[in-house]
Structures are given as C-alpha cells and as structure tokens.
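# Overview (structure and organization)
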Amino acid sequence: MRRTTLAALCIAAATATALTGCQSGSDSSDGASRTGGVSASPAAKEKEKEPFAGLTGGQIADRALTATTGASSLRLKGDVPDEESGGTITLDVALDKKGECAGSLSMNGQGRADLIKTGDTIYMKYDEAFLRAQSKGESKDTTDAVVNMLAGKWTKTSATGKDAMDISGFCDLDTVLGGADEGSSAATRGRTTTVGGTPAIVLTEQDGKDRYTVYVATQGEPYLLRIDSASAGDPGTLAFSDYEKPVPAQKPSGTILDLDELG
C-alpha cells in the first residue's frame, strides 16, 4: 500500500493517507484518430471510451500516481486524522511545487484557521472558536488574552523559522506527495462513475482490515480525484482537484500582526 505523509497545519501533526492511485492512460485522441477522412473503427471508439482497457488495477495506479505527482499544483479538500490529538483535521488548501499555498483548516469542527504562504512568509488568521479549542488546558485569563489579541486578525511569521517548518513543508507539493510513487499496488478495478462531474474509474485495495477506495480520472490526465479510507488508523476522505491552476496566495490586505516581532 502506498502512503504519503501530509504534515498537519498549525499543530505539527503528521497524518498518513493512502495513495493507491489510478492512472490515466492514453490520450483520448488515441482512440479517435482519423486517417484520410475515414472514421475511426468501432474498436478504436471503444478504446476511446475505456482508456484503461487491458490494464490491471495496479497498472492504473502506477499511471495515476505518475500523473498526480507530476502536477505542478492542486487542491486538497477533506478530512484526515490528527495522530497527536486523536481528532480530525478538516482542510481545504491549494498548493504547488513552489511552496505557495492558500486555504483553511479546522480541528474537530471547532472554528477555522485561514492560511496563506507566499515567498518566505506565512500568514494565518484564526477565529475565536479555533483559538479557544486550541487553548484547552490554559487558564481563562491566558485564553482570553490570546483571543483578544489574535481572533479575526491576520498574523505573519517567517516561513524559515523553527516553529513554521511543519507548515512550510505542508505547503510544498513535492513534500506532501513525497514517497507516494514508491512500492507497488494490488488495487482491483471497479465500476466507472463521476467525481465532481469528471468521469472516473474506481479502484479498491485491502490491507488487512483496512480498505481504500480510489477514484481516478478517465478523461484528460489520469489524475487522482478522491480517496476514501476505511482504515482504523487513518479514516477519512481526501478530494484532489484544480490541477495545474494558479494558487491564490497573495499577501492579505489591512493590518497584519508580526508574530516574530511579538516573540
């Protein structure tokens, strides 16, 4: 079973998510070519409809992972486990191989933190519910002071600082997908369906009691579209979208608190 590590934002937690990919195979034009004005044969048209004809689930996985890890940018959205707290991180983040990212996350559905990383600076904004949830164990006075100082305000810190390394790593697509194309897959081919309007093929893989369902695009590049994990260790769902789209990582407007200066 292939796995990739997603560094958890803000709380430095690491989360393992199965990447039993699928792959896209041939370009659709392969099955619909025309020569001298003659229409493609029925067999060629059938091949166009089924880009993975003759491939095993594992072979589809290999091609999918090649396409997905080769993308320069994408968007991750879904729920992943937080090994440190035993809770769940809900995230929606666009990121690229330049280390830029923009999005949001929450812990156990409690509040929201917005994130932007551009260049060597990380910007974050927390709502009150998020700050209070992350301040459990602190005194009421301390928690109230943190909320009064930070809630609803953009903050910034150096992306090269010691406390920011986990977030910086998460914003680097190469780091997030690192190791995803190692090993082998015993995935089984399943039905065809659509994910967000994109035609897809379903792959399933079992590893002991853990079961993973993976959806791969059958049009265009064979990108990974979604992973559903029924694993006891890392249950959850991750959706992959917005491949090759620019990451909207711009410096926020207005007043920004410099956490490095505040110490």
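What counts and how
- Residues numbered from 1 in each chain as written.
- Predicted model: local features only at pLDDT ≥ 70, side-chain atom pairs only at ≥ 80, totals over all residues.
- Heavy atoms only, no water.
- Phe/Tyr/Trp six-rings, centres within 6.5 Å; stacked < 30°, edge-to-face > 60°.
- Buried < 20%, exposed > 50% of the residue type's maximum accessible area, 1.4 Å probe, protein only.
- Lys NZ or Arg CZ within 6 Å of the ring centre and 35° of its normal.
- Salt bridge = Lys/Arg side-chain N within 4 Å of Asp/Glu carboxyl O.
- Helix = DSSP H or I, 4+ residues; strand = E, 2+ residues; numbered from the N terminus.
- Pairing = 2+ DSSP bridges.
- Axes fitted to C-alpha atoms, helices over the stretch in contact; angles between N-to-C directions.

### Things to note about the packing of aromatic side chains
Within this structure, the stated rule accounts for two aromatic pairs. Centroid distance tyrosine 126 to phenylalanine 130: 5.7 Å. Interplanar angle 25°. Geometry classified as stacked. Each member of the pair tyrosine 126 and phenylalanine 130 is classed as buried. Directly above the aromatic system of tyrosine 215 lies the positively charged group of arginine 226, at a separation of 4.2 Å from the ring centroid.

### Focus: the pattern of salt bridges
Pairing between side chains of opposite charge can happen when their charged atoms approach one another. For the coordinates displayed, the defined rule picks out nine salt bridges. Residue aspartate 242 is joined to arginine 75 by a salt bridge in which the shortest nitrogen-to-oxygen separation is 3.7 Å. A residue pair is termed long-range when its members are at least 10 positions apart, and aspartate 242 in the loop between strand E13 (236-241) and strand E14 (256-258) and arginine 75 in strand E3 (residues 73-81) qualify at 167 residues. For aspartate 242, a relative accessible area of 28% corresponds to the partly exposed category.

### Some remarks on the sheet that holds strand E9 (residues 188-195)
Ordered by their spatial adjacency, twelve strands build an open sheet running E9-E10-E11-E12-E13-E3-E4-E5-E6-E7-E8-E14, and the pairing between neighbours is mixed. What marks the edges here is a single partner per strand, and that holds for E9 and E14. Across this sheet, the average inter-strand angle for adjacent strands is 20°, counted without regard to direction. Here E3 pairs with E13 via five bridges, running antiparallel.

### Some words on the pairing of strand E5 (residues 101-107)
E5 sits mainly inside the fold: six of its seven residues count as buried. Relative to E5, strand E4 (residues 88-96) runs antiparallel, the two being bridged by seven bridges. Counted as the bridge partner of leucine 95 is cysteine 101 from E5. If you look at the hairpin formed by E5 and strand E6 (residues 110-118), you'll find two residues sitting between the two strands, and asparagine 108 has a positive phi there, around 55°.

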